[in-house]
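Listed here are the chains, written in short residue letters.
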Amino acid sequence: MRSTGHDQEKKAGIWQKLHIDLPLLAGLLCLMVLSLFVIYSAGGQDMDIVIRQAVRLGIAVAVMFVVAQIPPLSYRKWAVPVFVIGLILLVLVLLFGHVGKGAQRWLDLGFTKFQPSEIMKLVVPIMIAWFISQDNLPVKISTIIFAFILVLIPTLLIARQPDLGTSLLIASSGIFVIFLAGASWKLIASCVGLASAFAPILWMYLMKDYQKQRVLTFLNPEQDPLGSGYHIIQSKIAIGSGGLHGKGWLQGTQSQLEFLPERHTDFIFAVFSEEFGLIGVALLLLVYLAIVMRGLWIAVNAQQAFTKLLAGSLTLTFFVYVFVNIGMVSGLLPVVGVPLPLVSYGGTSMVTLMAGFGILMAISTHRRFIG
């Protein structure tokens, strides 16, 4: 018994030295393995797309491992300069950015195209956590107001690209930090009221025609069943047809017969639901819940206000990714182009997400070294 306990401590020590949080890694690997199976089905049983996804997953895991080695307090030192650089890059995108698919979101570096909004998914919560942690908790109203301004600036710059999905994710990542810092419900309700009052201005002057159409389609997809409403109608059919047990892997008619558009990216949850049914969906949600709970556990056990706020924000933002994608595909939210985390086919967003988990692992495993 003693040797078994000693072996377990030794194994835990190895993971600690590698700065890897094993329960969190186990949940992430479950999603990655599942991703390869579902993409094989959703991609028309094309092994090339599976291999490309496996390579991207490997790169994302490597990035997570590298980021996990950095002491979390280093991010606090870099918060302001990296935030300023990020804002400059967002301005450069609006002035000189590469235009693709009707959006101006990339900087063309010659050898590759770079999307600055992706790094802001990490930079914004780091910056807001640093700013708020300079004050004693609970924070003052003046600190909260200035923090909202810091969140609003990159959010509006990204919304202008236009990239509504990413701007909402970045806004939520910053707002979660403010919420976790102890902002009162009255203040939160006031901010929600101001945002609601701003909605008509957003609709009339800031939203593009295709974004307005997405909202109208969300309210009534049947108004244009063969046009703008086609995606969501086919997605709801696929989800409903899965029933309790699903039709089986590779047996989904909506995906295999190509009725379902974007089936290996944004709408991959519909493919999964059709093939594995309610039971499969419940198990998938349990994996996501386990990851979120582990992230919150890391946040609660972090030793400083900065790391607590940052870990909590990164975890809740991951939850928003899951909630928005599933709500979007199920017809409960407008379509905003948010992939299902670590399951949808993708590259840049996956690397950014895994870098965030690397920060979480750094907070978890560097705890004993934080003074």
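So, how was this worked out
- Residues numbered from 1 in each chain as written.
- Predicted model: local features only at pLDDT ≥ 70, side-chain atom pairs only at ≥ 80, totals over all residues.
- Heavy atoms only, no water.
- UniProt positions renumbered as here; feature names shortened; annotations may be inferred.
- Axes fitted to C-alpha atoms, helices over the stretch in contact; angles between N-to-C directions.
- Helix = DSSP H or I, 4+ residues; strand = E, 2+ residues; numbered from the N terminus.
- Parallel < 35°, antiparallel > 145°, perpendicular 65-115°, else oblique.
- Left-handed = near helix turned anticlockwise from the far one by under 90°.
- Contact = heavy atoms within 4.5 Å.
- pLDDT = per-residue confidence, 0-100.
- Expected span 1.5 Å × (residues − 1).
- Buried < 20%, exposed > 50% of the residue type's maximum accessible area, 1.4 Å probe, protein only.
- Phe/Tyr/Trp six-rings, centres within 6.5 Å; stacked < 30°, edge-to-face > 60°.
- Lys NZ or Arg CZ within 6 Å of the ring centre and 35° of its normal.
- Salt bridge = Lys/Arg side-chain N within 4 Å of Asp/Glu carboxyl O.

In the nomenclature of an unreviewed UniProt entry, the protein is known as Peptidoglycan glycosyltransferase MrdB of Thalassomonas viridans. Turning to the protein, the UniProt record has this under Pathway (unreviewed entry): "Cell wall biogenesis; peptidoglycan biosynthesis." Taken verbatim from the UniProt record of the protein, the Function (unreviewed entry) comment is "Peptidoglycan polymerase that is essential for cell wall elongation."

Contact geometry for helix α4 (residues 72-96) and helix α6 (residues 141-159): axes closest at 9 Å, N-to-C directions at 25 degrees. Taken together, the axes of α4 and α6 are roughly parallel relative to one another. For the crossing formed where α4 meets α6, the hand is left-handed. Seen from α4, the contacting residues are F83, L87, L90, V91 and L94; seen from α6, they are L150, I153, P154, L157 and I158.

Turning our attention to the confidence of the model for the protein. The predicted model of the protein has a mean per-residue pLDDT of 83, with 88% of residues at 70 or higher. Across the protein, element-level confidence peaks in helix α12 (residues 268-301) with a mean pLDDT of 94 and bottoms out in helix α1 (residues 2-17) with 60.

Here the focus is the environment of L340. Looking at the element boundaries, L340 is found in the loop between α13 (305-329) and α14 (348-365). Taking the C-alpha atoms as reference, L340 lies 7.1 Å from F269; in sequence the two are 71 residues apart. Discounting chain neighbours no more than four positions away, the residues touching L340 are I268, F269, L284, Y288, N325 and I326.

With 19 residues, α6 ought to run about 27 Å at 1.5 Å a step, and its terminal C-alpha atoms sit 26 Å apart, in line with that. Among the residues of α6, T143, I144, A147, L150, V151, P154, T155, L157 and I158 are the ones counted as buried.

For the coordinates displayed, the defined rule picks out 8 aromatic pairs. Plain terms: the ring middles of F37 and W249 are 5.5 Å apart, the flat faces sit at 65 degrees to each other, and that makes the pair edge-to-face. Of the two residues, F37 sits in helix α2 (residues 22-42) while W249 sits in the loop between α10 (230-241) and α11 (253-256), which places them 212 residues apart along the sequence. On the accessibility criterion, F37 (44% relative accessible area) is partly exposed. The partly exposed category is assigned to W249, whose relative accessible area is 34%. Relative to W249, the ring of Y40 has its centre 5.8 Å away and its plane inclined at 40 degrees; by these criteria the two rings are tilted. Of this pair, Y40 sits in helix α2 while W249 sits in the loop between α10 and α11, placing them 209 residues apart in sequence. An aromatic cluster is built from F37, Y40 and W249, whose rings are joined through pairwise contacts. Above the plane of the ring of W297 lies R294, whose end atom (NZ or CZ) is 4.3 Å from the centre.

Counted by the stated rule, this structure contains 3 salt bridges. D21 is the salt-bridge partner of R294, the closest N and O atoms lying 2.8 Å from each other. You can see R294 sitting in helix α12 and its partner D21 sitting in the loop between α1 and α2, a full 273 residues away along the chain. Across the pair E118 and K121 runs a salt bridge, and its minimum N-O distance is 3.1 Å. Linking E118 with K121, this pair stays in helix α5 (residues 116-133), spanning 3 residues, or about one helical turn. Comparing E118 with K121, the two get one shared label, buried.

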